[in-house]
Amino acid sequence: MAIFKVNRKETAPIDGQKPGTSGLRKKVVVFKQPNYLHNFVQSTFNALATDKVKGATIVVSGDGRYFSKDAIQIIVKMAAANGVRRVWVGKDGLLSTPAVSAVIRERVGADGSKASGAFILTASHNPGGPHEDFGIKYNMENGGPAPEAITDKIYANTKTIKEYFIAEDLPDVDISTIGVTSFSGPEGNFDVDVFDSAEDYVKLMKTIFDFQSIQKLLSSPKFSFCYDALHGVAGAYANRIFVEELGAKESSLINCTPKEDFGGGHPDPNLTYAKELVARMGLGKSSPQGEVPEFGAAADGDADRNMILGKRFFVTPSDSVAIIAANAVQAIPYFASGLKGVARSMPTSAALDVVAKNLNLKFFEVPTGWKFFGNLMDAGLCSVCGEESFGTGSDHIREKDGIWAVLAWLSILAFKNKDNINGESLVSVEDIVRQHWATYGRHYYTRYDYENVDAAAAKELMANLVKLQASLPEVNKIISGIRSDVSNVVEADEFEYKDPVDGSVSKHQGIRYLFADGSRLVFRLSGTGSEGATIRLYIEQYEKDSSNIGRDSQDALAPLVDVALKLSKMQEFTGRSAPTVIT
Ligand code: VG1
Ligand code: CO
């Protein structure tokens with residue numbers, strides 16, 4: 001057994017290590033600076049309770065993006081030096097974000113060990129490669145992202161750090177081979193356990209869904225399916241679940257080989273970046289006129305996001321979570337005994353609110369970012385939740401879950417078609433969505449993103465919007481000068497959240513303008529970008545009247561968009577005449 005020593009290294013604080021919405025995300029060149037990663041990792045160890053480090057088991061893995069393999073070796077050596085007992089690594093360093101959450105919660109080591117947390121190496125939907133982004137975040141014992149109390153502590157530590165610990169002579173571990181390697185250090189043994197990336201996750205999915213009924217759907221000659229992993233880590237799971245377990249054809253999977261640079265693409269599952277899938281589903285500009293699949297889906301780099309498509313039909317993520325919630329009890333065995341409650345992030349449309357009200361479910365509105373759902377789930381208050389940013393999930397883990405969402409939709413399709421599998425034509429994704437709108441009304445919804453805007457300009461734009469909120473009569477005067485067909489603003493504020501479980505308060509979580517007819521405008525600065533600032537503008541309008549639910553979404557929202565852009569002086573502040581991405 002190789003023996004290692006602990007080296008104490010002097011270091012000094014490095015600016016800008018504040019974790020964002022979901023961890024620390026920067027360009028690879030920033031992460032490669034001397035001590036940059038080391039400082040953050042040591043600051044994290046120092047922010048955790050001693051027993052969560054000394055003698056503990058931690059998971060280290062991620063979406064496999066460029067620099068992950070180097071980062072894993074560094075973190076393993078630092079874990080050894082900080083007294084961690086064992087590190088669990090997915091084969092090739094691959095674990096999707098939801099799989100990490102599942103591993104923390106479900107995996108039991110040969111000696112009965114359980115993980116107390118995880119370093120997840122991902123910048124999620126941001127591109128990867130030598131000139132692109134890397135990221136790191138810490139998840140806690142419940143499988144969820146570290147709460148703000150911990151991320152604040154990590155950040156404070158990065159500002160005072162003087163030393164870190166590393167086992168420099170620990171040899172690099174072969175993470176491409178499954179098995180345990182043991183080392184001996186000053187505080188005892190240290191193991192690195194490389195295991196199959198999909199095993200625990202697949203096992204968990206089988207306890208949630210009725211795989212047989214999904215298999216039946218997939219084998220129907222009337223059904224066809226396409227899944228695009230955008231070269232992210234979802235590919236490692238898609239093969240195992242959709243092809244091996246559920247019998248989908250291999251040709252149903254596209255871009256399902258994980259790549260360090262995501263094939264040069266932007267691994268963000270939306271209508272702009274998931275080009276190949278969008279074309280196959282008949283939604284592209286030069287899309288085929290003929291047969292297209294019944295169902296399509298895509299994931300982001302770390303496989304926690306999902307986009308759901310029907311034949312020539314896009315399901316908004318806000319509708320998706322509402323539809324899953326409305327059908328969960330009948331269609332998904334895990335929820336058979338009822339939903340404990342539902343939750344959405346503030347900018348997500350109110351489609352879920354209407355379902356909650358109709359089904360008499362507990363309902364919560366939380367700030368953007370998955371960490372806020374965790375407390376509700378741990379307290380047994382929430383079963384299904386989602387965000388407008390293509391994130392959907394449930395209390396089976398404490399992260400959003402891209403493949404889970406696809407299995408949820410396949411379950412709903414299987415349920416709606418159970419007596420119809422050999423019928424003339426199947427109940428389609430579009431049928432399900434239109435039926436939902438007919439029952440609950442429709443929330444027209446769009447998001448405009450202005451990426452890489454000058455940070456000072458973005459700040460000024462936001463400050464101006466807050467200033468305007470002081471006088472609603474003034475705001476309404478401006479609005480009526482822009483459009484006469486938009487209702488009045490009745491409330492305007494910055495969203496603030498008091499966690500109902502631990503009482504913690506999160507302020508400045510987005511600027512809201514709420515209209516008399518239930519429409520909303522929300523403005524936020526992104527907390528996941530790595531350069532400049534990204535302004536997100538969320539626009540929503542509710543339509544109850546069933547004769548008005550079939551309109552083109554961009555048409556229906558045009559008046560509100562007009563108001564949003566002029567009220568915020570978007571072009572004046574940012575110099576941009578159009579957003580970078582519309583979803
Ligand atoms: C974005 C989304 C947010 C999501 C976060 C992490 O954050 O808006 O809803 O939780 O990304 O998703 P922001 O601060 O940039 O708006 V992931 O898949 O990138 O970890
Ligand atoms: Co992600």
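Residues numbered from 1 in each chain as written. Chains lettered and ligands numbered in written order. Predicted model: local features only at pLDDT ≥ 70, side-chain atom pairs only at ≥ 80, totals over all residues. Heavy atoms only, no water.

(A) Geometry of the coordination of the cobalt ion (ligand 2). The protein atoms donating to the cobalt ion (ligand 2) are Ser124 (OG), Asp300 (OD), Asp302 (OD) and Asp304 (OD), with metal-donor distances spanning 1.9 to 2.1 Å. Here the donor residues of the cobalt ion (ligand 2) are spaced in sequence according to S-x175-D-x1-D-x1-D. The class of Asp302 is buried, set by a relative accessible area of 2%. (Donors = N, O, S within 2.8 Å, 3.2 Å for Na, K, Ca; no water. Buried < 20%, exposed > 50% of the residue type's maximum accessible area, 1.4 Å probe, protein only.)

(B) Spatial organisation of the packing of aromatic side chains. Taken as a whole and assessed by the stated rule, the structure comprises 20 aromatic pairs. Relative to Tyr36, the ring of Phe31 has its centre 5.2 Å away and its plane inclined at 75 degrees; by these criteria the two rings are edge-to-face. As far as the burial class goes, Phe31 and Tyr36 line up, both buried. Note on Phe225 and Phe242: the rings are 5.1 Å apart at their centroids and 65 degrees apart in plane angle, and the pair reads as edge-to-face. Of this pair, Phe225 sits in strand β11 (residues 225-228) while Phe242 sits in helix α8 (residues 234-245), placing them 17 residues apart in sequence. On the basis of relative accessible area, Phe242 is assigned to the buried category, the value being 0%. The rings of Phe31, Tyr36, Phe67 and Phe134 are connected pair by pair, giving a single aromatic cluster. Against the face of Trp88 rests Arg107, its NZ or CZ located 5.4 Å from the ring centre. A cation over an aromatic ring shows up here: Arg107 above the ring of Phe195, its NZ or CZ 4.0 Å from the ring centre. (Phe/Tyr/Trp six-rings, centres within 6.5 Å; stacked < 30°, edge-to-face > 60°. Helix = DSSP H or I, 4+ residues; strand = E, 2+ residues; numbered from the N terminus. Lys NZ or Arg CZ within 6 Å of the ring centre and 35° of its normal.)

(C) The arrangement of the sheet that holds strand β17 (residues 363-366) in detail. Spatially, the four strands line up as an open sheet ordered β17-β16-β18-β19, and their pairing is mixed. Of all the strands in the sheet, just β17 and β19 (391-394) have a single pairing partner and so form its edges. Going from strand to strand, the sheet's axes swing by 15 degrees on average, the running direction of each strand aside. As paired strands, strand β16 (residues 342-345) and β17 are joined by four bridges and run parallel to one another. Residue pairing for β17: Val342 is matched across the bridge by Phe363. Those strands touched by helix α11 (residues 351-359) are β16 and β17, and its axis lies near 165 degrees from that of β16. (Pairing = 2+ DSSP bridges. Axes fitted to C-alpha atoms, helices over the stretch in contact; angles between N-to-C directions. Contact = heavy atoms within 4.5 Å.)

(D) Highlighting the sheet that holds strand β27 (residues 581-582). Reading across from one edge, β21-β24-β25-β26-β20-β27 is the order of the six strands in this open sheet, with antiparallel pairing throughout. This sheet does not close on itself; its edge strands, each paired only once, are β21 (489-494) and β27. Two strands pair when backbone bridges link them, and β21 and strand β24 (residues 511-515) are joined in this way by five bridges, in the antiparallel orientation. Within β24, the residue paired with Asp493 across the bridge is Arg512.

(E) Structural detail: the layout of surface pockets. Considering only enclosed or pocket space, the largest pocket measures out at about 1,100 Å³ in volume. Lining the largest pocket are 37 residues, and of these Lys18, Thr21, Leu525, Ser526 and Gly527 lie nearest its centre. Mapped by element, the contributors of at least two residues to the lining of the largest pocket are β3 (24-27), α5 (148-158), α12 (371-378), α15 (455-468), β25 (520-525) and β26 (533-543). At five residues, α15 tops the list of elements feeding residues into the lining of the largest pocket. Grouping the constituent residues of the lining of the largest pocket by class yields eleven nonpolar, 15 polar and eleven charged. Considered as a void within the structure, the second largest pocket measures approximately 810 Å³ in volume. Lining of the second largest pocket is provided by 29 residues; of these, Leu271, Leu283, Phe314, Asp552 and Gln554 occupy positions nearest its centre. Residue assignment for the lining of the second largest pocket shows that the elements contributing at least two residues are α9 (275-280), β15 (313-315), α14 (429-440), β20 (442-453), α17 (553-567) and β27. (1 Å grid on protein atoms, 1.4 Å probe; cavity = no way out; pocket = protein on both sides within 12 Å on 5 of 7 lines; lining within 4 Å. Points joined across faces, edges and corners; volume = space filled by probe spheres on them. Nonpolar A, V, L, I, M, F, W, Y, C, P; charged D, E, K, R; others polar.)

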